[in-house]
Structures are given as structure tokens and as C-alpha cells.
Protein chains: 2
Amino acid sequence: MKNFKLTVEYDGSRYSGWQRQGNTNNTIQHKFEEILFKMLGVKTEIFASGRTDSGVHAKGQVFNFKCETTLTEIEIKLYINKYLPEDIRVLSVESVDMRFHSRLSVKSKTYQYRMFNGSKCPVFERKYVTCVNETPDIEIMKKGAEKLVGKFDFKGFSTKTFKKSTFREIYDICINAEGDFINITITGNGFLYNMVRIITGTLYELGTGKRDLSSIDEILEKCDRSLAGITMPPQGLCLLKVDY
Amino acid sequence: MKNFKLTVEYDGSRYSGWQRQGNTNNTIQHKFEEILFKMLGVKTEIFASGRTDSGVHAKGQVFNFKCETTLTEIEIKLYINKYLPEDIRVLSVESVDMRFHSRLSVKSKTYQYRMFNGSKCPVFERKYVTCVNETPDIEIMKKGAEKLVGKFDFKGFSTKTFKKSTFREIYDICINAEGDFINITITGNGFLYNMVRIITGTLYELGTGKRDLSSIDEILEKCDRSLAGITMPPQGLCLLKVDY
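Reading guide: rules and limits
Residues numbered from 1 in each chain as written. Chains lettered and ligands numbered in written order. Predicted model: local features only at pLDDT ≥ 70, side-chain atom pairs only at ≥ 80, totals over all residues. Heavy atoms only, no water. Core = buried A, V, L, I, M, F, W, Y, C linked by side-chain atoms within 4.5 Å. Buried < 20%, exposed > 50% of the residue type's maximum accessible area, 1.4 Å probe, protein only. Helix = DSSP H or I, 4+ residues; strand = E, 2+ residues; numbered from the N terminus. Domains from an automatic or database assignment. Contact = heavy atoms within 4.5 Å. Buried area = accessible area lost by both parts, 1.4 Å probe. Salt bridge = Lys/Arg side-chain N within 4 Å of Asp/Glu carboxyl O. Axes fitted to C-alpha atoms, helices over the stretch in contact; angles between N-to-C directions. Parallel < 35°, antiparallel > 145°, perpendicular 65-115°, else oblique. Left-handed = near helix turned anticlockwise from the far one by under 90°. Nonpolar A, V, L, I, M, F, W, Y, C, P; charged D, E, K, R; others polar. Least-squares fit on C-alpha atoms with pLDDT ≥ 70 in both. Pairing = 2+ DSSP bridges. Polar contact = N/O pair within 3.5 Å; in protein donor to acceptor, adjacent residues only side chain to side chain. Arc of directions from axis to C-beta.

### Some thoughts on the nonpolar core
Then, in step 1: The biggest cluster of nonpolar side chains holds 62 residues, and the ones touching the most others in it are Phe-32, Ile-80, Leu-148, Phe-157 and Leu-203 of chain A.
Then, in step 2: Tallying contributions element by element places helix 4 (residues 195-207) of chain A first for this core, with 7 residues.
Then, in step 3: Of the residues that make up this core, three or more belong to each of domain 1 (2-96) and domain 2 (108-243) of chain A.
Then, in step 4: When neighbours within four sequence positions are excluded, Ile-80 of chain A is seen to be in contact with Leu-6, Phe-32, Ile-35, Leu-36, Met-39 and Val-90 of chain A.
Then, in step 5: With 61 residues, the next largest nonpolar core counts Phe-65, Ala-145, Ile-170 and Ala-228 of chain B among its residues.

### Quick notes on the interface of chain A and chain B
Then, in step 1: Opposite the 25 residues of chain A that make contact, chain B presents 25 residues.
Then, in step 2: Ranking the residues of chain A by area buried against chain B places Lys-120, Phe-124 and Arg-126 of chain A at the top, with a combined share of 36%.
Then, in step 3: Between chain A and chain B we count 4 salt bridges in total.
Then, in step 4: As a salt-bridge pair, Glu-86 of chain B and Arg-126 of chain A come within 3.2 Å of each other at their nearest N and O atoms.

### Here's the deal with the packing of helix 1 (residues 28-40) of chain B against helix 2 (residues 73-83) of chain B
The angle between the axes and the distance between the axes are what describe a pair of packed helices.
Residues and elements named next belong to chain B.
Then, in step 1: Orientation of helix 1 relative to helix 2, taken along the N-to-C sense of each, is 125°, at an axis distance of 10 Å. The angle between helix 1 and helix 2 falls in the class oblique. The handedness of the crossing between helix 1 and helix 2 comes out as right-handed. Counted together, Phe-32, Ile-35, Leu-36, Lys-38 and Met-39 of helix 1 and Ile-76, Tyr-79, Ile-80 and Tyr-83 of helix 2 form the full contact between these two elements.
Then, in step 2: Partitioning the contact of helix 1 with helix 2 into residue classes produces 8 nonpolar, no polar and 1 charged.

### Quick word on the relation of the copies chain A and chain B
Then, in step 1: The transformation that overlays chain A on chain B combines an axial shift of 0.0 Å with a rotation of 180°, and the residual RMSD is 0.0 Å. The superposition operator between the copies reduces to a two-fold rotation axis. Relative to the rotation axis, the closest C-alpha in chain A is found at Phe-124 of chain A, a distance of 4.8 Å.
Then, in step 2: Interface overlap between copies is the fraction of interface residues in one copy that are interface residues in the other; for chain A against chain B it reaches 100%, indicating a shared surface.

### Remarks on the pairing of strand 5 (residues 108-116) of chain B
All names here are of chain B.
Then, in step 1: For strand 5, the buried fraction is high: 9 of the 9 residues fall into the buried class.
Then, in step 2: Across the two faces of strand 5 the burial is the same, with Ser-108, Thr-110, Gln-112, Arg-114 and Phe-116 and Lys-109, Tyr-111, Tyr-113 and Met-115 all buried.
Then, in step 3: Of the strand pairs in this sheet, strand 5 and strand 10 (residues 237-243) are connected by 6 bridges, and their pairing is antiparallel. Of the residues in strand 10, the one forming a bridge with Tyr-113 is Leu-237.
Then, in step 4: By the bridge criterion, 8 bridges tie strand 5 to strand 9 (residues 181-188) in an arrangement that is antiparallel. By the bridge assignment for strand 9, Tyr-111 is matched with Ile-186.
Then, in step 5: Bridge count for strand 5 against strand 6 (residues 130-131) is 2 bridges, and the pairing is parallel. Its bridge partner being in strand 6, Phe-116 is matched across the sheet by Cys-131.

### Structural notes on the environment of Lys-59 of chain B
Then, in step 1: Mapped onto the elements, Lys-59 of chain B comes out in strand 3 (residues 57-67).
Then, in step 2: Look at Lys-59 of chain B and you get partly exposed, because its relative accessible area is 42%.
Then, in step 3: In the structure, Lys-59 of chain B is positioned 180 residues away from Leu-239 of chain B in sequence and 6.1 Å away in space, judged by C-alpha atoms.
Then, in step 4: Excluding its chain neighbours within four sequence positions, the residues that come into contact with Lys-59 of chain B are Phe-124 of chain A together with Val-8, Glu-9, Leu-91, Cys-238, Leu-239 and Leu-240 of chain B.

### Notes on the pattern of salt bridges
Then, in step 1: A complete count under the given rule lists 28 salt bridges over all chains for this structure.
Then, in step 2: In this structure, Asp-11 of chain B and Arg-126 of chain A form a salt bridge, with 3.3 Å as the shortest nitrogen-oxygen distance. Taken together, the positions of Asp-11 of chain B in the loop between strand 1 (2-10) and helix 1 and Arg-126 of chain A in the loop between strand 5 (108-116) and strand 6 (130-131) put the pair across two chains.
Then, in step 3: Classification of Asp-11 of chain B as buried rests on a relative accessible area of 2%.
Then, in step 4: A salt bridge links Asp-97 of chain B to Arg-99 of chain B, with the shortest nitrogen-to-oxygen separation between them at 3.0 Å.
Then, in step 5: Given a relative accessible area of 72%, Arg-99 of chain B falls into the exposed group.
Then, in step 6: One network of salt bridges, in which partners are shared, links Asp-11 and Glu-86 of chain A together with Arg-126 of chain B.

### Quick notes on the domain arrangement of chain A
Residue and element names in this part refer to chain A.
Then, in step 1: If you check the domain split of chain A, you get domain 1 (2-96) and domain 2 (108-243).
Then, in step 2: Placing the centre of domain 1 and that of domain 2 at their C-alpha centroids yields a distance of 27 Å.
Then, in step 3: With 16 residues of domain 1 at the interface, the matching set in domain 2 holds 16 residues.
Then, in step 4: Across the domain 1/domain 2 interface, buried area totals approximately 1200 Å², and carbon plus sulfur atoms make up 53% of it.
Then, in step 5: Three residues, Asp-53, Val-56 and His-57, lead the burial of domain 1 against domain 2; their summed loss comes to 39% of the area buried on that side.
Then, in step 6: Inspection of the domain 1/domain 2 interface yields 1 salt bridge.
Then, in step 7: With its nearest N and O atoms 3.1 Å apart, the salt bridge here joins Arg-197 to Asp-53.
Then, in step 8: The interface formed by domain 1 and domain 2 holds 10 residue pairs in polar contact (both at pLDDT 80 or more) in total.

### Focus: helix 5 (residues 214-222) of chain B
All names here are of chain B.
Then, in step 1: Among all positions in helix 5, only Ser-215, Ile-216, Ile-219 and Leu-220 are buried. Along the axis of helix 5, the buried residues cluster in a sector spanning 140°; they form a single face. Turned more than 90 degrees from where helix 5 packs its buried face, Glu-221 and Lys-222 sit exposed.
Then, in step 2: Looking at the buried residues of helix 5, the elements they touch are helix 3 (138-148), strand 7 (150-153) and helix 4 (195-207).
Then, in step 3: The first or second residue beyond helix 5 is Cys-223, which carries a positive phi of 50°.

See below:
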């Protein structure tokens, strides 16, 4: 038995997210499992570092699967890439220790949210940024971001209710403006459902004067979703990398 | 009467090129003229720096038009951008001297051709690069490119026959490799039909050992299209900028 770790990129625009779901085959996970079945002749389940929502992109998603095979890493990469559609690609295949698990072994994950603040979305980036109407104050957004770095109960920044712990640790939030683009890059040990998009929406509202700094503390204290900002649209979000 | 110079970008993937044609409205020129008619109430012809072929992109195409209007530059930009589809965008509008003509006043134009040499096209660049099978020798390509810099009759590098002069001057060809990408950036005072794509095809054949350096001299001497390389596909080509 071998354990393979794959790093992949995808344009999430036309998919119903990462995870295989009962009512649709239009998921990225399904695309991979279909090809693995063809390649290995047996149904093979894959385990990702986490789900990405419908419309969210990835430049460094990671999953693993276990199988009996004589195929080499490079052969697996070529085989899968040959059958994948043009909006999904395998970047690397590594043979790893049997104990490696793409989700359970995660040390940190990095997401980036991209906004564009101009009169019309740039043509070559149009599917990978979210256009916003107002120019936020980056310095105030940075101050808000500082308050979110650390280990907190982030339940107020998620749209799901959970039985498990909603404590997560954010290691870093980097906000930078390049021309009319605003990039928010967030690294943490894990993220709740919609957490990055709600953090981004909250920081945007802060930067555009729709809320003040103390509201960030309040969301963290009261863990109340209704106090946080809007859930930003999926197309501006990209899973950049997963570290182990 | 005023003369406006517009700089625009577009993803050429779904268009039949720049130029308005008798049998199709699916051109970028047509999109602009439709909106100008709506904006000005009169049919208004626009003049581009040159055509781009079906499927070719632009990050800095320039056109101009003359009209009577009280609209300001910024109003014109906002109006046109509002009605353009998401794959075409106005970058700037300038009021210019009445003698300015987007094609006749050109000092130089810069095109870039992008190739990717890897097992599968990168997801986020897939519509803007051409995937090639072999890794060319960049140093030999550079030597071939040097021979093309200068003023020559480039008839052998075009697929059309011309009544007018086929002499053009290439000022610079820059070839660089970034990972599996190969970028060829060409600046000249003008280009014949398909010229950049045929130059790229010829240099690629040179770099992959399918022809030798002396063949470049021969094409320039004999002006024979059949001696030159393939016409590379349009999607890797982009009009970067036009200088006046």
C-alpha cells in the first residue's frame, strides 16, 4: 500500500465546490475520483486539506489517497492531468509516509482574498477578483486585522452551527494595495465555513466606515454572526497553499 | 469637433478579431461602435492602431474617434465601460490634437507571444498561452531573433499578399524563459498580417532543431512564406502597447 500526496490548482468558477455531494457530480473531488477509478480500477476515496466552496479557486490545494499500484509519481501526474478538464491541474505528486493525512496533518493554510476597487473589473482578472464600489482605508483595515490574529472562538465569523470546537488560530493577516487591487492574505491553523469571506467582508466594512474597530472585539466576544460583516462573494477567494 | 484617444484591453477568446466585418457583428470594433452610437446618437467610425486577429488579446490597443460632444473624458470612460461586456475594458480616454490618428501616428507597437512548455497548461493562464510539446533552446532562438531586428521586407513572414510595401522595422525582440513559460516580446514600427505568429513559429522551430539559423536569412532574402515556420495559434498573442 502506498500513500500519495497531490498538490493541485483549479479555477472554481464552474464547480459546486471541492466536496463530493449527494445531488451533484459537479465537484472537483468527483473529477479526481472518477479519474482515479479509471487509473486504478477500484473506487478510491481522496482526502483534501479541507473543502473549498462553490466558486472558490485554489493554487495549492492538497489531497491524499492510498492505493496499491506500481505506477510512479510522474506517471500518476501525467495520467491524471491527461484526463482532467482544462480548469483543474495537478502540480505535483509525492509518495508520503502512510501516516500522512491531508487534513489532519495540516500545520497551516493560507488563503488570499482579492478585491478590485475601480470603475470596471480588469479583463484578465475578472474571474478571480471581486469588484467593490468604495475605496477602503487600508490602515484602518490593518488595525482591525491585528485584532483577529491569535487564538479565538471564531463562531461569529461563520455561517454554520457546529458541534465541534470553533476555536481557531490565525497566525497572520497581510493586507496590501497594488493600484486598485486590495489583497488580503490570511494564514491560520484552520478556518470555519465561510470564515475568510466573512472576515474580509467585516474588514471591508471597517475600511469604508460602516463599522468601527470595537465591533471586531464584540464579534469575538459574543460569537454572534449577525454582528459581523457580509459574506464576500466566492470568486475573489483562492486557497494559496497548505503547509505540513 | 473633438478627437478622443482610447486605450483598451480585451480578452479576444470569443471574438472574430478587432475589425468590423460584413458578415459578423462579433468583433471588438463593432462592440465599441454600437456603444458610441448609443452615447452620441450618430454613427461614429473608430480607427484602431491596427487589427488584431480572431482570438488575439490586447492589454493596450489604441483607437480614436472624432465627435461633437460636451461629455468629459471621464464621463466617456464610465459610459462605455458600463455597456461593454466583461471581456473588454476602457483603460483611459484622452482628448488629443485633431491631427492624431491611431494608425497613422504610431511610432511603435509591442506584441507579446507566450508559450508554455509543460505537461499541462496552467489553469489560470490557460486562455492566454499556447502549450507546446518540446523545450526549445532559448539561446539559439535569441540568435535567430537578432537576425530579424532591423528594417527588412517581411513578406516571407506573412500569409497575405500585398500591394503596399511589406518593409517593416523591428526594433527589438526579447526572449525570456520563466519556469516553463517562454515569452517573446517584439517591438516594431508595424507588423504584417500574422507576422508575429509566424516569427514565433519560426523561432520555435529553430529552438527545437527543426531548422537552422541560415534559414532565417533565406526567408528574408527570398520573401517566401513557404520557407518560414508555422503560424502559431492566436491565443498566446497579446498586443501589449502602442507608442506615439
